[in-house]
Every structure is written in structure tokens, then in C-alpha cells.
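Topology and contacts: notes
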Amino acid sequence: MKAIVELYARIHKMDEDELEANLCLLAPTGRASKRMSESTLHGASTIHRFLKWNKDNNEFAVNEFNKDFSRFIIVDEVSMIDTLLLNHLLKGLTNQIQMVLVGDYNQLPSVGAGQILKDMIDSNVIPTVELEHLYRQDENSYISTLASEIKEDTLSSKFLETHSDYTFLKCSSSSINMNLKNLCNQLKEKGYHEKRVQIMAPMYRGENGIDILNKELQEVFNPNDGTKVEIKYGDVIFREQDKILQLVNMPDENVFNGDIGVIKYIIPANRSKSGKNEIYVDYDGIVVKYLPKDFVKIKHGYVITIHKSQGSEFEVVVMPISHNYHRMLYRKLVYTGVTRAKKKLILIGEANAFEFAVHNNQEYIRKTTLKEMLQNMNKQL
């Protein structure tokens, strides 16, 4: 994307100001847009923010009657975009637009209806370039080899071997919890604090579910040392310096679903001006205030779902694998999780559960018509 932006500016002989006036970098999530900005050194935005979404009436201020006049747009993580959002995006653009769509439909599909990236590629109507080299890991990385084997359903026995950037720690489902805590303690001792490590699991409930694991790992990464203020919300304890995951879009605060932050400080009700408990979360310099009515919008982020990880990358990824996750063990899910790791991937649990997931290509068949519509339009042209 960085190269494409630089080439566009060079071809059109644009200086920095002209480029900024004509270029737009978009992604469906806040984390993905931040990643684009870091990579290209240009500002990026979520699609909702670009379209000036009004959360109260669920309408977009940028629309077919009030179009944006950008000339060149790159959209990342397109596999996460559903039919309705793409429809709103296209309505808000002029016919003079040049657009580059970037994504991988082998990852998890959009939460909403459709499979727009797959349909557009399979239609053979839109010029498509397939990138074959992985640059997230170095060329000797086993992570990239494993990702290719998962995608192509050619898993070899090497996934049980230890590599410089990969380990599979075999243990029973009932001992994942204990082994995961021991592993995280070892990582912490080696200097891998919670910002460098991301644990990902498929489900919230169950003995190896995210809710239980978050409680356990809070005591590993951020124990109560007597100096941090904490408050209780239901059966959850929020503590200063806790890693936090944002669950919903809050465009007014410039914070979005999937963003990860840290509790900067907590003001208890008996000391706050509002007379209520207040939590202040720092998302890379953006500090957001939460009152009790907002606490449902956040969770601990020591362990997150693989769905929430999409569009992000992490230095170290740890994934528990268990038959307890049975209904969530399928190829696209583990492929998405594995490809989030930048430098080190650690799988922990049952090897046969991982093999089952890799070989399980079952997923809900999405009945769409975009592919056929594009093909028919192309014939008419």
C-alpha cells in the first residue's frame, strides 16, 4: 500500500498537500486503519468515520446526495466488509474514483451479510493481483509455512515440532488453564509484557473460555499489589493498568470495536465529581472516560476472540486449542488466528483438535448474487 500511494503521487505529479487532498485510506476497524496509517505514513480512517456515520439514527452524512470527492481510495481488510457497508461506501463516492481493494477471503467472513471480496474475485471481472510472499514474518519463518499448509489443507507433522518462531505445547483440555498461566509467567519473566503478547480463543464460555481465562491472566499480568485502584462490576474486577478491549464503535470518542487499551486510572464514586465510578482507558494516546452505564462496552483484553483480532497483528500470539471449542474449530478461524502472529506463535492444547480444525472446511454457505451480477453487467458492456 505504501508503494502504491507513492507511485500514485509520482504518476500524477502530486506534492504532499495535493496527495492528502485526493487520497483516502480506509478500513472497517479502528485497529486496521491505524495499521494502514503506520505502514503508509498517511492518515487513515474507518469507513464509518469517513462516511460520517450517525450512530443515533444509523445514517451516513456522506451519501448519494452528499458525495466525497476523493480521487483515489485504498480499502484494507475487505473480507470484513458486509454488503450493506460496501453499498453505502460506493454511494458516497463519485464515478471518477480509482479504488484498490485489499484483503484475504481465506480469513473470517464479515459478520453481516455477504462475501463481497470472494464474489468480486471469483467473478473474474475485476482485475486481481494475488500476493504470494509473506512479509509479516521473515523468509525462514515456520509461521508462514504453517499458514500456507492450513490454507491449502496440507498440514504436515512438523506442526508438532518446535521452531525458532513456533511452539506447540501439548496438554489435555483440563490442564490448558494451568499451562497457559505458567507459559504467561515465563513470557513475562522474559520481558514479554501484556502489550507484546496477545492470547486468542474462539469462545467466551466454558472452562477454557475467554471469560475465565481473562480472570486468571489478570492475576498474572496485573496482580493487585495494593497500589492500584480497582472497582467491581458484576463478577469482573477492573484494575488500574488492566489491558482493555473495546466492544462497540464509539466514533465520537474516536474509539472502535476491537481497539485495545490500558486503564490509565480509576476514580471511585466517593471521589468522583459525577458521584459514580469512573474508568479512564488510554487507547494509544486517546483517553476515554467510562461511567457505569458504559462498562458493558469494555472487557479485559488479555484474551480476545479471534474474530476481534482480525485486521491486527501482534508480536507474540498464544492460542489455546481444545475440543471444548468444537463448534468453533474450523479452517478459516485457525488460519485467521495463526496469521496474526508477527514474531512468535505458541499453540497450547490438544493436537488432534488442531488437526480437526485445519481439515474442517465446513462453514455456513452464504447465498449471494454479487458474482453473477458482476458477470452479467460485464457481458452487457
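Quick caveat: nothing in here was measured; it's all calculated off a predicted structure. Counting restarts for each chain: residues are numbered from 1 in the order of the written sequence. Side-chain atom pairs in this predicted model are given and counted only at pLDDT of 80 or more, local residue features only at pLDDT of at least 70, and totals for whole chains, interfaces and linings cover all residues. Hydrogens and water are ignored here; the side-chain numbers use all heavy atoms of the structure.

1. Quick word on the sheet that holds strand 17 (residues 314-321)
Any two strands with at least two DSSP-identified bridges between them are counted as paired. In DSSP terms, a helix is any run of H or I states spanning at least four residues, a strand is any run of E spanning at least two, and both are numbered starting from the N terminus. Taking strand neighbours across the sheet as the criterion, the 5 strands line up as 7-18-17-8-16 in an open arrangement whose pairing is parallel. The two strands at the open ends of the sheet, each matched to only one other strand, are strand 7 (166-170) and strand 16 (303-305). With direction set aside, neighbouring strand axes in the sheet form an average angle of 25°. Here strand 8 (residues 197-201) pairs with strand 17 via 3 bridges, running parallel. Along strand 17, the bridge assignment pairs Ile-199 with Val-318. Relative to strand 16, helix 9 (residues 210-221) is tilted by about 150°, and along the sheet it contacts strand 8, strand 16 and strand 17. Here, residues are in contact when the closest pair of their heavy atoms is within 4.5 Å. Axis definition: a line fitted to C-alpha atoms, limited for helices to the stretch in contact. Angles are taken between N-to-C directions and run from 0 to 180 degrees. Each of strand 7, strand 17 and strand 18 (341-349) touches helix 12 (residues 351-359); the most contacted strand, strand 7, lies at about 120° to it.

2. Re helix 1 (residues 2-11)
Only protein chains enter the calculation, and the probe is 1.4 Å; a residue is then buried if its accessible area is under 20% of its type maximum, exposed if over 50%, and partly exposed in between. Val-5, Tyr-8 and Ala-9 are the residues of helix 1 that are buried. Taken end-on, helix 1 shows its buried residues confined to a sector of 95°, consistent with a single buried face. Along helix 1, exposed side chains directed more than 90 degrees from the buried face belong to Arg-10 and Ile-11. Immediately downstream of helix 1, the backbone of Lys-13 shows phi near 50°, a positive value. This arc is built from the directions going out from the helix axis to the C-beta atoms.

3. What to know about the pattern of salt bridges
What makes a salt bridge here is a side-chain nitrogen of Lys or Arg within 4 Å of a carboxyl oxygen of Asp or Glu, nothing more. By the definition in use, this model includes 16 salt bridges. Residue Lys-293 is joined to Asp-294 by a salt bridge in which the shortest nitrogen-to-oxygen separation is 3.2 Å. On the accessibility criterion, Lys-293 (64% relative accessible area) is exposed. Across the pair Asp-294 and Lys-297 runs a salt bridge, and its minimum N-O distance is 3.3 Å.

4. Re the sheet that holds strand 14 (residues 286-290)
Read from one edge of the open sheet, 5 strands run 14-13-12-11-15, paired in antiparallel fashion. Edge strands, defined here as strands with exactly one partner in the open sheet, are strand 14 and strand 15 (298-300). Each strand axis lies, on average, 40° off the axis of its neighbour in the sheet, ignoring direction. In the sheet, strand 11 (residues 243-246) pairs with strand 12 (residues 260-267) via 3 bridges, with the strands oriented antiparallel.

5. A few points about the packing of aromatic side chains
To pair, rings of Phe, Tyr and Trp, with the six-membered ring standing in for Trp, must have centres within 6.5 Å; the planes then decide the type, stacked if under 30 degrees apart, edge-to-face if over 60, and tilted in the middle. Taken as a whole and assessed by the stated rule, the structure comprises 9 aromatic pairs. Ring centres 4.9 Å apart and planes at 50° place the aromatic pair Tyr-142 and Tyr-166 in the tilted group. Placement of the pair is Tyr-142 in helix 7 (residues 142-152) and Tyr-166 in strand 7, with a sequence separation of 24 residues. Just as Tyr-142 is buried, Tyr-166 falls in that class too. Ring centres of Phe-221 and Tyr-302 lie 5.9 Å apart, and the angle between their planes is 5°; this geometry places the pair in the stacked category. Of this pair, Phe-221 sits in helix 9 while Tyr-302 sits in the loop between strand 15 and strand 16, placing them 81 residues apart in sequence. With a relative accessible area of 6%, Phe-221 lands in the buried category. With a relative accessible area of 1%, Tyr-302 lands in the buried category. Taken together, the ring pairs in this structure connect Phe-159, Phe-168 and Phe-354 into an aromatic cluster. Note that Lys-118 overlies the ring of Tyr-105, its terminal NZ or CZ placed 5.4 Å from the centroid. Geometrically, a charge over a ring is one whose NZ (Lys) or CZ (Arg) sits within 6 Å of the ring centre while staying within 35 degrees of the ring normal.

6. So, the nonpolar core
Take the buried residues of types Ala, Val, Leu, Ile, Met, Phe, Trp, Tyr and Cys, join any two whose side-chain atoms come within 4.5 Å, and each joined set is a nonpolar core. Counting 57 residues, the largest nonpolar core has Leu-146, Val-318 and Phe-354 as the members making the most contacts within it. For this core, the element with the highest residue contribution is strand 17, accounting for 6 residues. If near-sequence neighbours (up to four positions away) are discounted, Leu-146 is found in contact with Leu-155, Phe-159, Tyr-166, Val-338, Leu-345 and Phe-354. Counting residues in each nonpolar core, the second largest holds 19 residues, with Cys-24, Leu-26, Leu-86 and Leu-374 among its members.

7. Brief notes about unusual backbone geometry
Although it is not a glycine, Asn-124 sits at a positive phi angle of roughly 60°. Position of Asn-124 relative to the elements: it lies in the loop between helix 6 (116-122) and helix 7. Relative accessible area serves as the criterion here: at 68%, Asn-124 is assigned to the exposed category. Notably, Asp-153 is not glycine yet its phi reads approximately 55°, a positive angle. Along the chain, Asp-153 turns up in the loop between helix 7 and strand 7. In this structure Asp-153 comes out as partly exposed when scored by relative accessible area, which is 31%.

8. Brief notes about the environment of Lys-343
Of note, Lys-343 is situated in strand 18. The exposure class of Lys-343 is exposed, given its relative accessible area of 54%. A C-alpha to C-alpha distance of 9.8 Å links Lys-343 and Glu-313, two positions 30 residues apart in sequence.

9. Remarks on the pairing of strand 1 (residues 23-27)
Counting buried residues along strand 1, 5 of its 5 residues qualify, which places the element largely inside the surrounding structure. Residue alternation in strand 1 divides its side chains into two sets, Leu-23, Leu-25 and Ala-27 and Cys-24 and Leu-26, and both sets are buried. With 4 bridges connecting them, strand 1 and strand 5 (residues 72-75) associate as parallel partners. Looking at strand 5, one finds that Cys-24 is bridged to Ile-73. Examined bridge by bridge, strand 1 and strand 2 (residues 45-46) share 2 bridges and lie parallel to one another.

By themselves, these are just geometric observations and shouldn't be taken as functional.
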